[in-house]
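Observations on the three-dimensional arrangement
Residues per chain, in single letters:
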Amino acid sequence: MSAKNYDVIIIGARVAGSTLAYELSKVGYEVLIVDRSTFPSDILSTHNFFNNSVAMLREMGVLEALLQTGTPMYKRAFIQMDEMVVDGAFPEVDGETHCLCVRRKYLDQVLFQHACAQERVTALEGFRVTELLYHQDTVSGITGMNRDGRAEQFTAKLVVGADGRNSTLRRLVNSERKMAVPTDFASYVGYFSNFRQEGEPCVEFYKIKDNIAIVFPTSDDLFVIGIMFPLQNKEWSEKFRNNPEAGLRELVDKGFDSTNFPERLRDASLEEPIKGLLGYDNDWFQGMGPGWALVGDSLSFKDPAVGQGMHDAIYGARLLRDTLSETRDWETNWSQMADKYQTALESKMMSRYHLACQTTKNTPVTTEQSLVNQLIGSNSEASQAFLGIYNYANEPELLQQTIMRLLQAGVGLEE
């Protein structure tokens with residue numbers, strides 16, 4: 001194996017990496033995909049697919065396998081931001097009406113197996129990349145360690161980092177960090193059974209003062225519940241550090257007492273240890289250079305509250321596939337390819353990156369924004385434009401235009 005030269009080596013075999021391996025194999029490239037983990041395995045992340053991303057899963061041919069895990073689909077969103085309440089279905093996108101939140105131990109396994117089943121894909125689990133190989137100034141391969149401790153080298157025309165927000169490849173090539181906005185929040189996530197929802201299954205989102213809660217129905221008859229509170233609040237940080245479950249339940253009881261969320265959580269049971277992320281950056285890196293490229297969270301990590309990670313992993317893999325397949329001679333066109341890839345990424349994803357940067361800052365809601373929020377909650381057209389931002393049914397500008405038109409027409413806060 002080590003003597004074979006590949007077209008592309010992909011470091012990281014989860015959502016972005018396995019998607020890219022599949023997509024590149026379908027257009028004729030020989031791919032080696034490596035991951036330091038073995039599958040199935042879990043990882044801390046948001047793992048929700050809005051219906052626009054469900055459409056891409058269907059196109060890849062993996063949706064049915066994912067549904068066989070028993071993970072429920074949903075189409076409804078219940079969002080409460082202080083006085084604003086939005087309760088409605090996400091707009092239809094590409095013929096898809098329902099969303100899906102699959103646990104990573106199932107999701108990553110299905111995508112990895114799907115990639116491995118392709119004729120031109122070779123996979124290596126339990127392989128840790130330690131160094132890069134170079135031909136002059138261009139990356140030409142990888143060096144790493146197998147599970148048995150043997151060192152191996154593999155060469156390729158391109159090495160891609162799909163290895164998450166702490167990407168090894170990104171660090172080794174010293175990719176330029178173009179933007180970074182640090183979060184103001186700590187994030188904790190737990191999986192609960194016997195959580196009761198009212199009405200049909202839905203995603204729940206609460207932002208009450210300076211605390212945030214998110215609920216998704218997920219695999220194994222569980223609900224994934226995420227809680228975010230300001231990092232500067234040392235009291236809550238200490239409580240979560242000492243006893244994460246007790247801290248989470250107490251914060252929900254005190255911080256969301258204006259909702260029925262605390263009452264329903266009291267009847268639920270925590271099934272697995274709570275995991276936390278104490279600070280992170282919303283970042284955006286240079287996506288390509290001579291012999292290397294980045295995709296997924298390696299390229300841009302965003303606040304989990306906006307739920308864009310799964311979409312960006314799959315869509316970004318497709319953009320990289322298009323960039324590579326549209327250029328015949330990679331070796332002499334790295335600069336042009338990098339510009340093309342970066343432009344395509346920013347054109348599609350930058351508006352949601354800025355949305356994440358706004359969400360990640362703990363800033364007081366102005367009187368004007370509070371009135372706008374109430375209009376969004378009270379008007380069905382504005383509510384649909386608001387929800388459509390999350391699944392790319394429309395761009396944020398449509399919401400702004402809708403609000404301005406409604407205000408100019410004298411529409412009040414109640415229909």
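Provided above is the structure to which this section pertains.
Residues numbered from 1 in each chain as written. Predicted model: local features only at pLDDT ≥ 70, side-chain atom pairs only at ≥ 80, totals over all residues. Heavy atoms only, no water.

1. Observations regarding the overall build of the chain
Applicable threshold: Per the convention used, a helix needs a DSSP run of H or I reaching at least four residues, while a strand needs a run of E reaching at least two, with both numbered from the N terminus. Every radius of gyration here is taken over C-alpha atoms, with the globule rule written as 2.2 Å times N^0.38, N being the number of residues. Throughout this description, buried means an accessible area under 20% of the type-specific maximum (1.4 Å probe, protein chains only), exposed means over 50%, and partly exposed covers the range between. Residues count as neighbours in contact if any of their non-hydrogen atoms are within 4.5 Å of one another.
Assigned secondary structure in the chain consists of 13 helices and 21 strands. For 415 residues, the compact-globule estimate of 2.2 N^0.38 gives 22 Å, and the C-alpha radius of gyration of the chain, at 22 Å, lies within 12% of that figure. Taking the principal axes of the C-alpha coordinates as reference, the chain spans close to 65 × 50 × 40 Å. Looking at the 415 residues of the chain, the share that counts as buried comes to 56%. Counted over contacts in the chain with a minimum sequence separation of 6, partners at least 24 positions apart contribute 72%.

2. Digging into the nonpolar core
Definition in use: Throughout, nonpolar core names a set of buried Ala, Val, Leu, Ile, Met, Phe, Trp, Tyr and Cys residues whose side chains join them through atoms within 4.5 Å.
Residues Ile10, Ile142, Val160, Met288 and Leu324 are the most contacted members of the largest nonpolar core, which totals 74 residues. By residue number, the principal contributor to this core is helix α10 (residues 334-359), which donates 9 residues. Grouped together as the second largest cluster of nonpolar side chains are 38 residues, Cys99, Phe216, Leu355 and Tyr390 included.

3. Description of the state of the cysteines
Put simply, the rule is: Note on disulfides: each one is a pair of cysteine sulfur atoms within 2.5 Å.
Under the definition given, this model contains 0 disulfides. Counting only cysteine sulfurs, Cys99 is the nearest neighbor of Cys101, a cysteine outside any disulfide, at a range of 9.9 Å. A relative accessible area of 1% places Cys101 in the buried class.

4. Examining the packing of helix α11 (residues 367-378) against helix α12 (residues 380-390)
So the rule is basically this: To obtain each axis, a line is fitted to C-alpha atoms, and for helices this fit is confined to the stretch in contact; angles are then taken between N-to-C directions over 0 to 180 degrees. Between 65 and 115 degrees an angle is taken as roughly perpendicular, under 35 as roughly parallel, over 145 as roughly antiparallel, and anywhere else as oblique. Only Asp, Glu, Lys and Arg are considered charged in this grouping, and only Ala, Val, Leu, Ile, Met, Phe, Trp, Tyr, Cys and Pro are considered nonpolar; every other residue, Gly among them, is considered polar.
It is the contact of α11 with α12, at a shortest axis distance of 5 Å, that shows an interaxial angle of 105°. Compared by their axis directions, α11 and α12 come out roughly perpendicular. Residue-level contacts link Leu375, Ile376, Gly377 and Ser378 of α11 to Ser380, Ala382, Ser383 and Phe386 of α12. Tallied by class, residues from the contact of α11 with α12 come to 4 nonpolar, 4 polar and no charged.

5. What about the packing of helix α2 (residues 51-60) against helix α9 (residues 309-325)?
The condition is simple: Take the far helix as the reference: if the near one is turned anticlockwise from it by less than a right angle, the crossing is left-handed, and if turned clockwise, right-handed.
It is at 10 Å that the axes of α2 and α9 come closest, and there the two elements cross at 50°. With respect to α9, the element α2 is oriented oblique. Note on packing geometry: the crossing formed by α2 with α9 is left-handed. Across the interface between the two elements, Asn52, Ser53, Met56, Leu57, Glu59 and Met60 of α2 pack against His311, Ile314, Tyr315 and Arg318 of α9. Here the contact of α2 with α9 is composed, by residue class, of 5 nonpolar, 3 polar and 2 charged.

6. Observations regarding the packing of aromatic side chains
To keep it simple, the criterion reads: By convention, a stacked pair of Phe, Tyr or Trp rings (six-membered ring in the case of Trp) has centres within 6.5 Å and planes under 30 degrees apart, an edge-to-face pair has planes over 60 apart, and any other such pair is tilted. Throughout this description, the term charge over a ring refers to an Arg CZ or Lys NZ atom that lies within 6 Å of the ring centre and within 35 degrees of the ring normal.
A full pass over the atoms with the stated rule returns 18 aromatic pairs. On the basis of an interplanar angle of 50° and a centroid distance of 5.3 Å, the ring pair of Tyr29 and Trp330 is categorised as tilted. Separated by 301 residues along the polypeptide, Tyr29 in the loop between α1 (15-26) and β2 (31-35) and Trp330 in the loop between α9 and α10 bring together distant segments of the chain. Side by side, Tyr29 and Trp330 carry an identical accessibility label, which is buried. With centroids separated by 6.1 Å and ring planes inclined at 10°, the aromatic side chains of Tyr188 and Phe229 adopt a geometry described as stacked. Pair noted here: Tyr188 is in strand β13 (residues 185-193) and Phe229 is in strand β16 (residues 222-230), with a separation of 41 residues, a long-range link. Look at Phe229 and you get buried, because its relative accessible area is 0%. Taken together, Phe78, Phe195, Tyr206, Phe223, Phe256 and Phe261 form an aromatic cluster joined through their ring pairs. The ring of Tyr191 is capped by Arg103, whose NZ or CZ atom sits 3.9 Å from the centre of that ring.

7. Details of unusual backbone geometry
Most peptide bonds take the trans configuration, and most residues that are not glycine carry a negative phi. Following Phe39, the chain continues to Pro40 via a peptide bond in cis, the omega torsion being 5°. Looking at the element boundaries, Pro40 is found in the loop between β2 and β3 (48-49). Of note in this structure, Asp94 is not a glycine but carries a positive phi near 50°. Position of Asp94 among the secondary structure elements: in the loop between β6 (84-89) and β7 (99-101). The phi dihedral of Asn174 is positive, around 55°, even though this residue is not glycine. Of note, Asn174 is situated in the loop between α5 (168-173) and β12 (177-182).

By themselves these figures say nothing about function.
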